[in-house]
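Take a look at the letters that make up each chain.
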Amino acid sequence: QVQLVESGGGLVQAGASLRPPCAASGSTSRIDVMGWFRQAPGRQREWVASISVRGVTNYVGSVKGRFIISRDNAKNTVYLQMNTLKPEDTAVYFCKADWGRFTSWGQGTQVTVSL
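To start, this report covers the structure provided alongside it. (Residues numbered from 1 in each chain as written. Predicted model: local features only at pLDDT ≥ 70, side-chain atom pairs only at ≥ 80, totals over all residues. Heavy atoms only, no water.)

1. A look at the overall build of the protein chain
Line of reasoning, step 1. Scanning the protein chain from terminus to terminus reveals 0 helices and 11 strands.
Line of reasoning, step 2. Order of helices (α) and strands (β) in the protein chain, N terminus to C terminus: β-β-β-β-β-β-β-β-β-β-β.
Line of reasoning, step 3. In terms of overall size, the protein chain behaves like a compact globule, its C-alpha atoms giving a radius of gyration of 13 Å where 115 residues would be expected to give roughly 13 Å.
Line of reasoning, step 4. For the protein chain, with 115 residues in total, the buried portion stands at 42%.
Line of reasoning, step 5. If you take every contact in the protein chain between residues at least 6 apart in sequence, the share linking residues at least 24 apart comes to 53%.
Line of reasoning, step 6. Surface exposure of the protein chain reaches about 6,100 Å², of which carbon and sulfur atoms provide 50%.
Line of reasoning, step 7. The averaged location of the 7 negative side-chain charges in the protein chain is 3 Å from the averaged location of its 13 positive side-chain charges. (Helix = DSSP H or I, 4+ residues; strand = E, 2+ residues; numbered from the N terminus. Rg over C-alpha atoms; globule rule 2.2 N^0.38 Å. Buried < 20%, exposed > 50% of the residue type's maximum accessible area, 1.4 Å probe, protein only. Contact = heavy atoms within 4.5 Å. Areas by Shrake-Rupley, 256 points an atom, 1.4 Å probe, with all protein chains shown as cover. Lys, Arg positive; Asp, Glu negative; His and termini not counted. Charge placed at Lys NZ, Arg CZ, Asp CG, Glu CD.)

In C-alpha cells form, the structure reads like this:
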C-alpha cells in the first residue's frame, strides 16, 4: 500500500506563490509516476502535472511556465511550486501515485486565490 498526504495549501492573493508538498509512505519503492490533479467547485477533476521516477515532467497547458513539479525520492515527497497564481487556479489539489497496477490518492489540500 501507498499512502499520500498533501499539505501547504492556503488562501493567497493573485500573483502569489505556494509550494504544497505531498508525502508518500508505505511501499514507496514501488511508486513510478506521481502527479498533481485539481478539482474546482462544480467541475471535474483535472490533471495538472506529473513526474516520473526518472524526473521526466509534463504539464497541462494552463500552468506551463507557472508551475513546477519536483520530486525528492530520498524523502518520498513530490512538490508543486505554483507561481503567479490566478483566481482560476482555485481548487482542491490532490496528489496521485501510480505503483504497479495500483493508484493511490491523497485527501487533497485547498488552494484559494483571491483578486
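This is not the end of the story, as more comes after the structure.
2. Looking at the state of the cysteines
Where two cysteines share a covalent bond between their sulfur atoms, that bond is called a disulfide.
Line of reasoning, step 1. Counting across every chain of the model gives 1 disulfide.
Line of reasoning, step 2. For cysteine 22, the disulfide goes to cysteine 95, at an S-S distance of 2.1 Å. Taking the torsion about the sulfur-sulfur bond, which here is approximately -85°, the covalent link between cysteine 22 and cysteine 95 counts as left-handed. Placement of the pair is cysteine 22 in strand S3 (residues 21-26) and cysteine 95 in strand S9 (residues 91-99), with a sequence separation of 73 residues. (Disulfide = S-S within 2.5 Å.)

3. Overview of the pattern of salt bridges
Line of reasoning, step 1. Counted according to the given criterion, the structure contains 4 salt bridges.
Line of reasoning, step 2. Two residues, aspartate 89 and arginine 66, come together in a salt bridge whose shortest N-O distance is 2.8 Å. With a gap of 23 residues between them, aspartate 89 in the loop between strand S8 (77-82) and S9 and arginine 66 in the loop between strand S6 (57-59) and strand S7 (67-72) connect regions that are remote in the sequence.
Line of reasoning, step 3. The exposure class assigned to aspartate 89 is buried, which follows from its relative accessible area of 1%.
Line of reasoning, step 4. Where lysine 96 meets aspartate 98, a salt bridge forms, and the shortest distance between an N and an O atom there is 3.0 Å. (Salt bridge = Lys/Arg side-chain N within 4 Å of Asp/Glu carboxyl O.)

4. Regarding the pairing of strand S4 (residues 31-39)
Line of reasoning, step 1. Pairing geometry for S4 and S9, over 7 bridges, is antiparallel. Residue pairing for S9: methionine 34 is matched across the bridge by alanine 97.
Line of reasoning, step 2. Sheet analysis places S4 next to strand S5 (residues 46-51), joined by 5 bridges and oriented antiparallel. The partner of arginine 38 across the bridge, within S5, is glutamate 46.
Line of reasoning, step 3. Counting the residues between successive antiparallel strands, the hairpin from S4 to S5 contains 6 residues, one of them, glycine 42, with a positive phi of roughly 75°. (Pairing = 2+ DSSP bridges.)

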